[in-house]
Structures are given as structure tokens and as C-alpha cells.
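An overview of the molecular structure
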Amino acid sequence: MLKTGAQYKADLKAMRPNIYKWGRLIEDVTTDPVTSSHVNAIAKAYDAAFDPDLAPIFTTTSALSGKQAHRWNTLMTTAEDVAGNAKMKRKSYQLTGSCTGALCAGWTVLNASWGVTALIDKEFGTNYHARLEKFMKFAEDNAITMSGALTDAKGNRALKAGQQPNKDSYLHVAEQRPDGIVIRGYKIQICGVSAARYIVVMPTTGFGPDEKEFAVVAAVARDAEGITVVETRRPSDERTEEEGWDGIKSGTTAAWIIFDNVFVPNDQVFMNGENKYAGMVLGNFTNIYRAAIGACVAGQGDVMVGAAIGVARANGLTQKAFQDKLTAMAILNETTYGLGLGAIYAGKNFNGNWVPDALLAHVNKTHVATLPETTKMTCIEI
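The paragraphs below set out a description of the structure included in this document. Here the structure is a predicted model, which means the values were calculated and not measured.

Compared with the 21 Å implied by 1.5 Å per residue over 15 residues, the 21 Å span of helix α6 (residues 128-142) between its first and last C-alpha is a close match. Looking at the packing, one finds that the buried side of α6 touches β4 (68-70), α5 (105-124), β5 (146-149), β8 (198-201), β9 (216-221) and β12 (269-272). One or two residues past the end of α6 sits Ala143, with phi positive at roughly 50°.

Taking 1.5 Å per residue as the helical rise, helix α9 (residues 358-381) with its 24 residues ought to reach 34 Å, and the 35 Å between its terminal C-alpha atoms agrees with that figure. Roughly 30° is the biggest bend found in α9, and it falls at Val368, with proline Pro372 one to four residues downstream. Along α9, the residues classified as buried are Ala361, Asn364, Val368, Leu371, Pro372, Thr375 and Thr378. Buried residues along α9 sit against α7 (278-314) and α8 (323-345).

Below, the discussion takes up the pairing of strand β6 (residues 172-177). As defined by bridge partners, β6 adjoins strand β7 (residues 180-191) across five bridges and the pair is classed as antiparallel. Bridge pairing links Val173 to Ile183 in β7. Taking the residues that link successive antiparallel strands as the turn, the β6-β7 hairpin has two residues.

It is worth spelling out the nonpolar core at this point. Ranked by size, the top nonpolar core spans 94 residues in total, and within it Met146, Ile199, Ile227, Phe259 and Ile344 carry the most contacts. With nine residues, α7 is the single largest residue contributor to this core. Counting nine residues, the second-largest nonpolar core is a separate cluster that includes Met304, Val305, Ala308 and Ile309.

The next thing to look at is the state of the cysteines. In the structure shown here, the tally under the stated rule is zero disulfides. The closest cysteine sulfur to the non-disulfide-bonded Cys99 is located on Cys191, 3.2 Å from its own sulfur. Residue classification places Cys99 among the buried positions, given a relative accessible area of 17%. A disulfide-free cysteine, Cys104 has its sulfur positioned 5.9 Å from the sulfur of Cys296, the nearest such atom.

Time to look at the environment of Glu334. Relative to the elements of secondary structure, Glu334 occurs in helix α8. Between the C-alpha atoms of Glu334 and Val303, which are 31 residues apart in sequence, the distance is 13 Å. Among all residues touching Glu334, those that are not within four sequence positions of it are Arg90 and Leu339. There is a polar contact of 2.6 Å between the side chain of Glu334 and the side chain of Arg90.

With that out of the way, let us pick up the packing of aromatic side chains. Here the structure, examined in full by the defined rule, presents ten aromatic pairs. Aromatic pair Tyr46 and Trp72: ring centres 5.0 Å apart, planes at 75°, arrangement edge-to-face. Here Tyr46 is found in helix α2 (residues 36-48), whereas its partner Trp72 is found in the loop between β4 and α4 (79-96), with 26 residues between them in sequence. Here the aromatic cluster, defined as three or more aromatic residues joined through ring pairs, consists of Phe135, Phe138, Tyr198 and Phe270. Geometry around Tyr337 places Arg90 over its ring, the cationic atom sitting 4.6 Å from the centre.

It is worth spelling out the sheet that holds strand β11 (residues 254-265) at this point. The sheet built from six strands is open, its strands ordered β2-β1-β10-β11-β7-β6 with mixed pairing. In this open sheet, the two edge strands, each paired with only one partner strand, are β2 (24-26) and β6. On average, each strand axis in the sheet is inclined to that of its neighbour by 25°, with strand direction left out of account.

A few words now on the pairing of β11. Sheet topology places β7 next to β11; nine bridges connect them, and they run antiparallel. Following the sheet pairing, Lys187 is matched in β11 by Ile257.

Counted by the stated rule, this structure contains 16 salt bridges. Where Asp11 meets Arg197, a salt bridge forms, and the shortest distance between an N and an O atom there is 3.4 Å. You can see Asp11 sitting in helix α1 (residues 5-13) and its partner Arg197 sitting in the loop between β7 and β8, a full 186 residues away along the chain. Since its relative accessible area comes to 17%, Arg197 is described here as buried. Close ionic contact of Arg90 with Asp302 constitutes a salt bridge, the shortest N to O distance being 2.8 Å. Of this pair, Arg90 sits in helix α4 while Asp302 is found in helix α7, placing the two residues 212 residues apart along the sequence. You can call Arg90 buried: its relative accessible area is 10%.

Conventions used here
- Residues numbered from 1 in each chain as written.
- Predicted model: local features only at pLDDT ≥ 70, side-chain atom pairs only at ≥ 80, totals over all residues.
- Heavy atoms only, no water.
- Helix = DSSP H or I, 4+ residues; strand = E, 2+ residues; numbered from the N terminus.
- Expected span 1.5 Å × (residues − 1).
- Contact = heavy atoms within 4.5 Å.
- Bend = angle between axes of the 7 residues up to and from the residue.
- Buried < 20%, exposed > 50% of the residue type's maximum accessible area, 1.4 Å probe, protein only.
- Pairing = 2+ DSSP bridges.
- Core = buried A, V, L, I, M, F, W, Y, C linked by side-chain atoms within 4.5 Å.
- Disulfide = S-S within 2.5 Å.
- Polar contact = N/O pair within 3.5 Å; in protein donor to acceptor, adjacent residues only side chain to side chain.
- Phe/Tyr/Trp six-rings, centres within 6.5 Å; stacked < 30°, edge-to-face > 60°.
- Lys NZ or Arg CZ within 6 Å of the ring centre and 35° of its normal.
- Axes fitted to C-alpha atoms, helices over the stretch in contact; angles between N-to-C directions.
- Salt bridge = Lys/Arg side-chain N within 4 Å of Asp/Glu carboxyl O.

As C-alpha cells, then:
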């Protein structure tokens, strides 16, 4: 089903408060200044589903139900589907100037797991694929947002996960139950958690045969008992939350997530100890994510081009005075966007899911990590 931004916010209001910032519990993520700007950015994506001009970008026909759905709740089966992901991310930045993590990473984890669960089922006789399909239909029917929890705390990086003195440095299965699993550990620098209803966890690296407990993919409600979220926006952003401070309120958020013996029912577990497939899920995820993130930074660059033009005009100057710099910025934007699209269309079908070309996606990641700096510096010069 399709929901409005107001309906989405009502869903968040109904959740158990479990997010902290500066030692303070955030009672309502939709109104607290620490989180509300990010929630508002996501709400715009929901409302876009009812805008005739934006709906083709923010919605699509579900391959699972045949119904119209929010794009971030659907299975990406073709190159056009993944390209639609990229276009949505760029447009989101143009509309909000903000990262939309709650629409992005969790959805990508589900898609990255689609073909892998079928392989695991074939080898081990499990039913992960049916569970995943059921959950994806649930996500579509309820129009949910999902953050994706990839990065573990990692502890001593000279040691593998199974060698850590503090096992919680990597998320792991602490207990097997007939009706589900219990997970423990820390995920860090996770984007969009405050605006998400579910957290989708996945491995941060490959694991050996003695590290099966770390090979877990699962979806858990963000407000489940045992989950504590700590917002960690960098100190330079803190003044934007002060009353009367005229600073950028982009809405981008990141968080540490503490999983303290969190129960996950079987229906929401899509990998549980099949370590040989952990790297495959990770590979699919990075291919999709790194191809599409070129559109994210292009959207950031679009905002900077517009801001530069606006500041010049406000100071009585014409665009012509800076046209060479503006053109250079636009070229950088299209470089990451275009290479991402190239990775997508050079990709292939993986058991029903479309996965971009790995080499091109990873090359795009290097550009995403470097070219936007030049765009920002050029904007500052103007």
C-alpha cells in the first residue's frame, strides 16, 4: 500500500522510544530537533507517491504483488529497477538536501539476500527464501522504512571476529531457540536509524567455518526489546540544533546500535550460520549500493550548483562570471551518476535479482570518495 508522510510519521510516533543523544532519551523522533529533519526528509518521499510528476520516481509496480508500491519496498529484478533506485536517490537530494538512509540500505540488504537465500535453501534444505519473500511482501503491504546495519564495531582489527576478546565487537547469534534466535553486538555509523521502523542486519565481512555465529542476516523492529540506539552526528553539527542558530539542517543522521540479547523470530531470519554465503550477500550489497550511491553525491552536487548560483545572484553577480566553475561541478556530478548507471546496466541477473557489475561499482565508490570534495571546494570558491 501507499502511505502519506503524515501516516508514516504516525507509525513512528507509535514506536517505543529507544534513541538517545547526549545522554537524553528522544521521546518523539518526529518532533525532536535531533531527528525531526531526517524524518521530514523521508516524509517527503512518502508524499511524492501522490505527486503526478514525482510518483514515477518514488513508486513502481511490485514484481511480487503486481501492485503499485513505494520503490524502497520492492524487489529489483531488472537493470531498470536498480536505475530507478539511483534516480530516486538523486531526486531525494534535490528535494531535501539530505541523505535518505531509511529508504536505502535496509532495502538493499533484502535485495542482496534474494538470490543468496535460494542458494542456501538448495544446499541446506532451509526455507530462508520463502521467509524473505514473506517479509518483503510485509514491507510492501505496510510501507515500512528500513535502515541497513552493515558495519560492526570490529574491536581489534588485527584479529578476526572469532578471535575478539569482546565477542560483541561483531554482531552474532548468542542463542538458538526453536522459534528464533537471540542476537548480541554493536553496529556503528548506521545511517537513517531514527527514521526507520526496521533494522536489517547483515555481515560486515566474510567469515570462516569457526565463525558461523557471526553469519546472520535478519530484520528486526527498531524498537524491539534489547535495542538501544545512540545518535552520533559529529560535533560540528551540534550547533544546528541550537535554537536561533542559522545553520544547515540537512537531516542526515548516523547512529550506534547496541543489540543486547535481542530476540528475532524465525520468519525474520534469512541467514543463520551459513558462513560460506556471508561474503556473497556482502558482495551483492556493495555492488548495488556503490553503483547507486553515485546518484546520491550527484544530487548533493546539484544542490551545491544551485546554491552557488543563488549566492552569486544575491551578491549582484551573474551566473556567467562563474560558468567555467559551474560546468566543472556539473561534470563531476554526472561522472559519478553516469558511472553508476554504467555499472547497473553492465550487471546481470542473480537468481531473480539484478546485481550491478562489481568492478564498475567499486570504481564508482572511489570517485564518490574523491570527486565531491572538488565540487564542495569549487562551491566554496564561488
